[in-house]
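Now for the letters of each chain:
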Amino acid sequence: MNISIITIGKLKEKYLKQGIEEYVKRLSSYAKIEIIELADEKAPENLSAAEMEMVKEKEGIRILEKISDDTHVIALAIQGKMKSSEELAKEIDRLATYGKSKIAFIIGGSLGLSDQVMKRANDSLSFSKMTFPHQLMRLILVEQVYRAFRINRGEPYHK
C-alpha cells in the first residue's frame with residue numbers, strides 16, 4: 001500500500017520531526033509512506049473572507065497537482081467524520097481489499113482546505129471538534145495510521 005500525507009507548510013519543530021520520523025520508520029514494514037510538504041500561501045493576519053478563499057484556492061491547486069486519478073483521498077477537516085482507531089483501521093483494510101493501493105491524507109494550512117480539494121476527497125476525517133496546529137496533526141495522523149496497521153495485523157500496541 002502507498003500512503004501519502006500531503007500537507008501545507010514546513011515542519012520546523014524538532015520534536016515533531018523526530019516523532020514523525022519514528023512512526024514513518026515503524027510504518028515502513030507495512031506500507032510505503034511519503035510526506036509531501038507544500039508551501040503555504042503567504043498572507044497577512046487580517047484577511048477578508050474573499051482573500052481567505054483565494055489563499056485556500058492557491059494552496060488547493062498545489063495539493064491537487066500531487067494527487068493522481070487512482071488515489072483514494074481522505075481530507076482532514078473539522079467538519080469531517082469522527083472515527084475510532086478501529087474504524088480507521090477497518091477503512092484502510094477495506095480500501096486495500098478492494099484494490100485501492102494509493103491513499104492520500106490531506107492536511108490543509110491554517111485556513112483549512114479549498115472547496116476543490118474537499119470535492120476531490122473521497123472521504124473527510126475529523127480527529128476532534130477542537131482545532132489543532134496542522135504541524136501537530138501530522139504526528140497524530142502518522143501515529144494513527146501506524147496504529148491502524150497494527151490493529152489490522154492483530155499485533156500488540158493498540159490499547
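Refer to the structure printed above.
Computed from a predicted model, the values in this text were never measured in an experiment. (Residues numbered from 1 in each chain as written. Predicted model: local features only at pLDDT ≥ 70, side-chain atom pairs only at ≥ 80, totals over all residues. Heavy atoms only, no water.)

Colleague: So what's going on with the overall build of the chain? Which residues, and what values?
Modeller: Assigned secondary structure in the chain consists of 5 helices and 5 strands. Of the regular secondary structure in the chain, the N- to C-terminal order runs β-α-β-α-β-α-β-α-β-α. For the chain, whose C-alpha radius of gyration is 15 Å, the value lies close to the compact-globule estimate of 15 Å for 159 residues. Overall, the chain is about 50 × 35 × 25 Å in size when its C-alpha atoms are taken along their principal axes. Counting every position in the chain, which comprises 159 residues, the buried fraction comes to 43%. Total accessible area computed for the chain in this model is approximately 9100 Å², and 52% of it derives from carbon and sulfur atoms. Positive and negative side-chain charges in the chain, numbering 26 and 23 respectively, have mean positions lying 4 Å apart. (Helix = DSSP H or I, 4+ residues; strand = E, 2+ residues; numbered from the N terminus. Rg over C-alpha atoms; globule rule 2.2 N^0.38 Å. Buried < 20%, exposed > 50% of the residue type's maximum accessible area, 1.4 Å probe, protein only. Areas by Shrake-Rupley, 256 points an atom, 1.4 Å probe, with all protein chains shown as cover. Lys, Arg positive; Asp, Glu negative; His and termini not counted. Charge placed at Lys NZ, Arg CZ, Asp CG, Glu CD.)

Colleague: Which residues make up the sheet that holds strand β2 (residues 32–38), and what are the values?
Modeller: Pairing in this open sheet of 5 strands is parallel, and the strands run β2-β1-β4-β3-β5 from one edge to the other. Looking along the sheet, the strands with just one partner apiece sit at the ends: β2 and β5 (123–126). Strand after strand, the sheet turns through a mean of 30° between neighbouring axes, direction not considered. The strands that helix α2 (residues 49–64) touches are β1 (2–8), β2 and β4 (102–107); relative to β1, the one it contacts most, it runs at about 160°. (Pairing = 2+ DSSP bridges. Axes fitted to C-alpha atoms, helices over the stretch in contact; angles between N-to-C directions. Contact = heavy atoms within 4.5 Å.)

Colleague: Run through helix α1 (residues 14–27), naming residues and quoting values.
Modeller: With 14 residues, α1 should reach 20 Å at 1.5 Å per residue; the first-to-last C-alpha distance of 20 Å fits that figure. Within α1 the residues assigned to the buried category are L16, G19, I20, Y23 and L27. Looking straight down α1, one finds its buried side chains confined to an arc of 95°; they lie on one side. In α1, the exposed residues that point more than 90 degrees away from the buried face are K14, E21 and K25. (Expected span 1.5 Å × (residues − 1). Arc of directions from axis to C-beta.)

Colleague: Quick one: what's the story with the nonpolar core, residue by residue and with numbers?
Modeller: With 27 residues, the main nonpolar core has I3, F105 and F149 as its most contacted residues. Of all the elements in the fold, those that place two or more residues in this core are β1, α1, β3 (72–82), α3 (85–97), β4 and α5 (134–153). Here the element with the most residues in this core is α5; it accounts for 7 residues. The residues contacting F105, other than those within four sequence positions of it, are I3, S4, I5, I6, I74, L76, L125, L141 and V145. By size, the runner-up hydrophobic cluster in this structure holds 13 residues, among which are I36, I67, A75 and A121. (Core = buried A, V, L, I, M, F, W, Y, C linked by side-chain atoms within 4.5 Å.)

Colleague: So what's going on with the packing of α1 against α5? Which residues, and what values?
Modeller: Running from N to C, α1 and α5 point in directions that differ by 20°, and their axes come no closer than 9 Å. Between α1 and α5, the interaxial angle falls into the category roughly parallel. For the element pair α1 and α5, the recorded crossing hand is left-handed. Contact with α1, carried on its side by L16, G19, I20, Y23, V24, R26 and L27, involves Q135, L136, R138, L139, V142, E143, V145, Y146 and F149 of α5 and no other residues of that element. Its residues assigned to classes, the contact of α1 with α5 comprises 11 nonpolar, 2 polar and 3 charged. (Parallel < 35°, antiparallel > 145°, perpendicular 65-115°, else oblique. Left-handed = near helix turned anticlockwise from the far one by under 90°. Nonpolar A, V, L, I, M, F, W, Y, C, P; charged D, E, K, R; others polar.)

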